[in-house]
Amino acid sequence: MSSTAPALGTFSVRPLDPTRASGGESPSDAELLHRWVTHPKAAFWMMQDAKLEDVEREYMRIAAHEHHDAFMGLHDGEPAFLMERYDPRHVELVGLYEPEPGDVGMHFLVAPTDTPVHGFTRAVITAVMRELFADPATRRVVVEPDVGNKAVHALNEAVGFVPEREIQKPEKAALLSFCTRERFEAAVGDVEVPR
């Protein structure tokens, strides 16, 4: 599925393959991700000191996992963001809240850039949410960002997330937040989300 943001281009996703190279001199998915997750702007991703092999290993583990998927996000056909989808009944939030049918967990990371484009990150999270809600079985998206990540809290709120409470994960204090299909539709207003 792909979506278009006025004046910002087309966003789409493909399955992430840590060993995939785009051909020629292009870096592999893992090499791109390694640059992204170790960048200072990705501090909340908690992989600042990761080596390339660590990133390859982590995304090979996700690729093999029955309840966790990773996708390379493309902007006008070029890698620009990472999207992860997970089943919170089995990954990340086990025992930390009571999942409902149709709950889907999500992480996203925008590639660092020296030339930021106004509205780009919001367009990315909107595209990610459209992708998740394209599955009619998805009723609610669940996120658990670090409580200190104020920028992502604001982005989440802009697309319809409502914070529920703080939870303590092994690696961080997190803000458990939910976005229903209806809240997303009301927040973005310009998109038909499949039911």
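Here the structure is a predicted model, which is why all the values come from computation and not from measurement.

Trainee: What exactly am I supposed to notice about the overall build of the chain here?
Mentor: Looking only at helices and strands, one finds 5 helices and 8 strands in the chain. The N-to-C order of helical and strand elements in the chain reads β-β-α-α-β-β-β-α-β-α-β-β-α. The globule rule puts the C-alpha radius of gyration for 195 residues at 16 Å, and the 16 Å found for the chain is close to it. Along the first, second and third principal axes, the C-alpha set of the chain runs to 45 × 40 × 30 Å. Summed over all atoms, the accessible surface of the chain reaches about 10000 Å², with 51% contributed by carbon and sulfur. In the chain, which carries 20 positive and 32 negative side-chain charges, the distance between the mean positions of the two groups comes to 3 Å.

Trainee: Can you walk me through helix 5 (residues 181-188) in this structure?
Mentor: Think of an α-helix as 3.6 residues a turn; residues three or four steps apart then line up on the same face. Those residues of helix 5 not exposed but buried are R181, F184, E185 and V188. Down the axis of helix 5, the buried side of the element spans an arc of 100 degrees, and every buried residue falls inside it. Turning to helix 5, the residues buried within the fold contact helix 3 (120-133) and strand 8 (173-180). Just downstream of helix 5, G189 is the residue with a positive phi angle, here 60 degrees.

Trainee: Got a minute to help me understand the side chain of R14 in this structure?
Mentor: Within the secondary structure, R14 is located in strand 2 (residues 9-15). Setting aside chain neighbours within four positions, we find R14 in contact with R20, D29, F71, M72 and L74.

Trainee: When you look at the environment of A80 in this model, what are you seeing that I'm missing?
Mentor: With respect to the secondary-structure elements, A80 resides in strand 4 (residues 78-86). The exposure class of A80 is buried, given its relative accessible area of 9%. Sequence separation of A80 and M46 is 34 residues, and the distance between their C-alpha atoms is 19 Å. The contact partners of A80, leaving out residues within four places of it in the chain, are W36, G73, L74, H75, V110, A111 and F120.

Trainee: Explanation requested: the layout of surface pockets in the structure shown.
Mentor: Empty pockets left among the atoms are what a rolling probe the size of a water molecule brings to light. Roughly 1200 Å³ of volume is contained in the largest pocket. Counting only elements with at least two residues in the lining of the largest pocket, the list comes to helix 2 (52-64), strand 3 (68-75), strand 4, strand 5 (103-110), helix 3 and helix 4 (150-158). Broken down by element, the lining of the largest pocket gets its largest block of residues, 5 residues, from strand 5. Each residue belonging to the lining of the largest pocket can be placed in one class, and the counts come to 25 nonpolar, 9 polar and 11 charged. Here the second largest pocket is characterised by a volume of approximately 240 Å³.

Trainee: Explain the pattern of salt bridges to me, please; I cannot follow it from the model alone.
Mentor: Side-chain pairing between opposite charges can occur once the charged atoms of the two side chains come close. With the rule as written, the count across this model stands at 12 salt bridges. Between K169 and E92 there is a salt bridge, with the nearest N and O atoms lying 2.3 Å from each other. Here K169, found in the loop between strand 7 (162-168) and strand 8, pairs with E92, found in the loop between strand 4 and strand 5; they are 77 residues apart in sequence, far enough to count as distant. Across the salt bridge formed by K172 and E144, the nearest N and O atoms sit 3.5 Å from each other. Note that K172 is positioned in the loop between strand 7 and strand 8 and E144 in the loop between strand 6 (140-143) and helix 4, a separation of 28 residues in sequence. Connected via shared salt-bridge partners are E92, E144, K169, E171 and K172.

Trainee: Any chance you could explain the packing of aromatic side chains here in plain terms?
Mentor: The geometry of an aromatic ring pair is captured by the separation of the ring centres together with the interplanar angle, meaning the angle of the planes. Inspection of every chain in the model, using the stated rule, returns 4 aromatic pairs. Taking 5.5 Å as the distance between ring centres and 50 degrees as the angle between the ring planes, the aromatic pair formed by Y97 and F178 counts as tilted. Of this pair, Y97 sits in the loop between strand 4 and strand 5 while F178 sits in strand 8; the two residues are 81 residues apart in sequence, bridging distant segments of the chain. By relative accessible area, F178 is classed as buried at 7%. When the centroid spacing of 5.6 Å and the interplanar angle of 25 degrees are considered together, the rings of F133 and F184 count as stacked. Linking F133 in helix 3 with F184 in helix 5, this pair joins segments that are 51 residues apart in sequence.

Thresholds, definitions, all that
- Residues numbered from 1 in each chain as written.
- Predicted model: local features only at pLDDT ≥ 70, side-chain atom pairs only at ≥ 80, totals over all residues.
- Heavy atoms only, no water.
- Helix = DSSP H or I, 4+ residues; strand = E, 2+ residues; numbered from the N terminus.
- Rg over C-alpha atoms; globule rule 2.2 N^0.38 Å.
- Areas by Shrake-Rupley, 256 points an atom, 1.4 Å probe, with all protein chains shown as cover.
- Lys, Arg positive; Asp, Glu negative; His and termini not counted.
- Charge placed at Lys NZ, Arg CZ, Asp CG, Glu CD.
- Buried < 20%, exposed > 50% of the residue type's maximum accessible area, 1.4 Å probe, protein only.
- Arc of directions from axis to C-beta.
- Contact = heavy atoms within 4.5 Å.
- 1 Å grid on protein atoms, 1.4 Å probe; cavity = no way out; pocket = protein on both sides within 12 Å on 5 of 7 lines; lining within 4 Å.
- Points joined across faces, edges and corners; volume = space filled by probe spheres on them.
- Nonpolar A, V, L, I, M, F, W, Y, C, P; charged D, E, K, R; others polar.
- Salt bridge = Lys/Arg side-chain N within 4 Å of Asp/Glu carboxyl O.
- Phe/Tyr/Trp six-rings, centres within 6.5 Å; stacked < 30°, edge-to-face > 60°.

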